[in-house]
Amino acid sequence: MAFASAAEHGFPEAQYTLAGMYYNGEGAPRDFNLAAKWFGLAASKGHVRAQCSLGSMYYSGEGLDQNFKEAAHWFRLAAEQGHAKSQFSLGAMYHNGEGVPQNVALAADWFTLAAQQGFTDAQYHLGQMYHDGDGIALDLLKAADLFRRAAEHGHAIAQCSLGAMYYHGHGLLKNIKAALLWSRRAADQGLALAQYNLGRMYHEGEENTLDYAEALHWYKAAAEQGNADAKYALGVMYHLGQGIQPDLLGAYNWFDLAAAEGLETGAVSRDIIWLEMGQRASHQ
């Protein structure tokens, strides 16, 4: 193995490459212990991507005992060299108080540095902090701008969040067309919340967007992933016959599934349907 010889002679890039081969099982048997060893040797020489990878292995406990303090140490070394993923990871650890004292302001600082380099997870999380006023001043315009930057690069949750802001007119002028566009982009990526939101938009039908067939399609896509609100919404549509023939048993089943997910209104509606089915049976 050509990289092995160079790695043995102390070349950090070769050590990093060899570690990646062991980590991914590409060109070498997958071995997290050997991956950690070679990432560690490269990281100790200041190799920034190796530092990030070693931090990730300490964080997840792959090939090493899980150690958040060590993870934060290696993320910090890489972050201070300007490595965007490490800046984001260190920010997340400050936000959650993992391996470092919880400090939301420092989390925002690290997220900002990573976001400025176009790291989409950082853009989304910083946007969420501005959206919620989480440790920093609430600023919906900044939130929307950050969501948009991440959304334009395909970040599904940011797309969903931006769509919701347009739909509710929350920090942005209400724009149903834009809400549908961004929600659909996230829904097409399989994000259950976006699928539910899109179904709801078609179900509620603001500005001539009523489409029960689309609502059923997206609710079912979200329900198949366990979204309780989508299961409840399907119960409503089956009960009322919206886009489908009225079906009390189908409605009962969807409400029951929503209740199984812990949705209290699902249990209430299921019990009402049960009584309704009993009343109908007694009159036949």
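Reading guide: rules and limits
Residues numbered from 1 in each chain as written. Predicted model: local features only at pLDDT ≥ 70, side-chain atom pairs only at ≥ 80, totals over all residues. Heavy atoms only, no water. Helix = DSSP H or I, 4+ residues; strand = E, 2+ residues; numbered from the N terminus. Rg over C-alpha atoms; globule rule 2.2 N^0.38 Å. Buried < 20%, exposed > 50% of the residue type's maximum accessible area, 1.4 Å probe, protein only. Contact = heavy atoms within 4.5 Å. Areas by Shrake-Rupley, 256 points an atom, 1.4 Å probe, with all protein chains shown as cover. Lys, Arg positive; Asp, Glu negative; His and termini not counted. Charge placed at Lys NZ, Arg CZ, Asp CG, Glu CD. Phe/Tyr/Trp six-rings, centres within 6.5 Å; stacked < 30°, edge-to-face > 60°. Axes fitted to C-alpha atoms, helices over the stretch in contact; angles between N-to-C directions. Parallel < 35°, antiparallel > 145°, perpendicular 65-115°, else oblique. Left-handed = near helix turned anticlockwise from the far one by under 90°. Nonpolar A, V, L, I, M, F, W, Y, C, P; charged D, E, K, R; others polar. Expected span 1.5 Å × (residues − 1). 1 Å grid on protein atoms, 1.4 Å probe; cavity = no way out; pocket = protein on both sides within 12 Å on 5 of 7 lines; lining within 4 Å. Points joined across faces, edges and corners; volume = space filled by probe spheres on them. Salt bridge = Lys/Arg side-chain N within 4 Å of Asp/Glu carboxyl O.

Caption draft 1: Representation of the overall build of the protein in the model. Each helix and strand in the protein was counted, giving 16 helices and zero strands. Against the 2.2 N^0.38 benchmark of 19 Å for 284 residues, the protein shows a C-alpha radius of gyration of 25 Å, more extended than a compact globule. Considered along the principal axes of its C-alpha atoms, the protein spans approximately 85 × 45 × 35 Å. Relative to its full complement of 284 residues, the protein shows a buried share of 46%. Sequence separation of at least 24 residues holds for 41% of the intrachain contacts in the protein that already meet a minimum separation of 6. Split by element, the accessible area of the protein, about 14,100 Å² in all, is 52% carbon and sulfur. Averaging the locations of the 19 positively and 30 negatively charged side chains of the protein gives two centres separated by 4 Å.

Caption draft 2: Broad picture of the packing of aromatic side chains. Applying the stated criterion across every chain yields a total of eleven aromatic pairs. Seen from their ring centres, tyrosine 23 and phenylalanine 32 are 5.0 Å apart, and the 40 degrees between their planes marks the pair as tilted. Taking relative accessible area as the criterion, tyrosine 23 reaches 22% and is therefore assigned partly exposed. Taking the relative accessible area as the measure of exposure, phenylalanine 32 reaches 25% and is therefore partly exposed.

Caption draft 3: The packing of helix H12 (residues 192–204) against helix H13 (residues 212–223), seen in detail. Interhelical geometry of H12 versus H13 gives an angle of 160 degrees and a closest axis separation of 8 Å. Here H12 lies roughly antiparallel to H13, going by the angle between them. As H12 packs across H13, the resulting crossing turns out to be left-handed. Across the interface between the two elements, Ala192, Gln195, Tyr196, Leu198, Gly199, Arg200, Tyr202 and His203 of H12 pack against Tyr212, Glu214, Ala215, Trp218, Tyr219, Ala221 and Ala222 of H13. Considered class by class, the residues forming the contact of H12 with H13 number ten nonpolar, three polar and two charged.

Caption draft 4: Fine view of helix H8 (residues 120–132). When the terminal C-alpha atoms of H8 are compared, their 18 Å separation across 13 residues agrees well with the 18 Å that a helix rising 1.5 Å per residue should span. Looking at the buried positions of H8, the neighbouring elements they touch are helix H6 (84–96), helix H7 (104–116), helix H9 (140–151) and helix H10 (156–168). Two residues or fewer past H8, glycine 133 is found with a positive phi of approximately 65 degrees.

Caption draft 5: A look at the layout of surface pockets. In this structure, the largest pocket occupies an estimated 150 Å³ of space. Along its surface, the largest pocket is lined by Ser56, Tyr59, Phe75, Lys85, Phe88, Ser89, Ala92, Met93, Asn96 and Glu98. Listed by contribution, the elements that provide at least two residues to the lining of the largest pocket are helix H4 (48–60) and H6. The element that contributes the greatest number of residues to the lining of the largest pocket is H6, accounting for six residues. Of the residues belonging to the lining of the largest pocket, the class tally is five nonpolar, three polar and two charged.

Caption draft 6: Focus on the environment of aspartate 132. Along the chain, the position of aspartate 132 falls in helix H8. For aspartate 132, a relative accessible area of 45% translates into the label partly exposed.

Caption draft 7: Here's a closer look at the pattern of salt bridges. In this structure the tally under the stated criterion is eight salt bridges. Taking the shortest distance from any N to any O, the salt bridge between arginine 149 and aspartate 145 comes out at 3.7 Å. Of this pair, arginine 149 and aspartate 145 both sit in helix H9, four residues apart, roughly one helical turn. Here lysine 231 and glutamate 261 are joined by a salt bridge, their closest N and O atoms 2.8 Å apart. Here glutamate 261 lies in the loop between helix H15 (248–260) and helix H16 (264–282) and lysine 231 lies in helix H14 (residues 228–240), a separation of 30 residues in the sequence. Glutamate 261 gets classed as partly exposed once you look at its relative accessible area, which sits at 41%. Each of Asp256, Arg270 and Asp271 takes part in salt bridges that share partners, so that together they form one network.

Caption draft 8: Expanded view of the packing of H13 against H14. Where H13 contacts H14, the two axes come as close as 8 Å, and the packing angle between them is 145 degrees. Crossing hand, H13 versus H14: left-handed. Where H13 approaches H14, its residues Tyr212, Ala215, Leu216, Tyr219, Lys220, Ala222 and Ala223 are matched on the opposing element by Ala230, Lys231, Ala233, Leu234, Met237 and Tyr238. Residues of the contact of H13 with H14, tallied by class, amount to eleven nonpolar, no polar and two charged.

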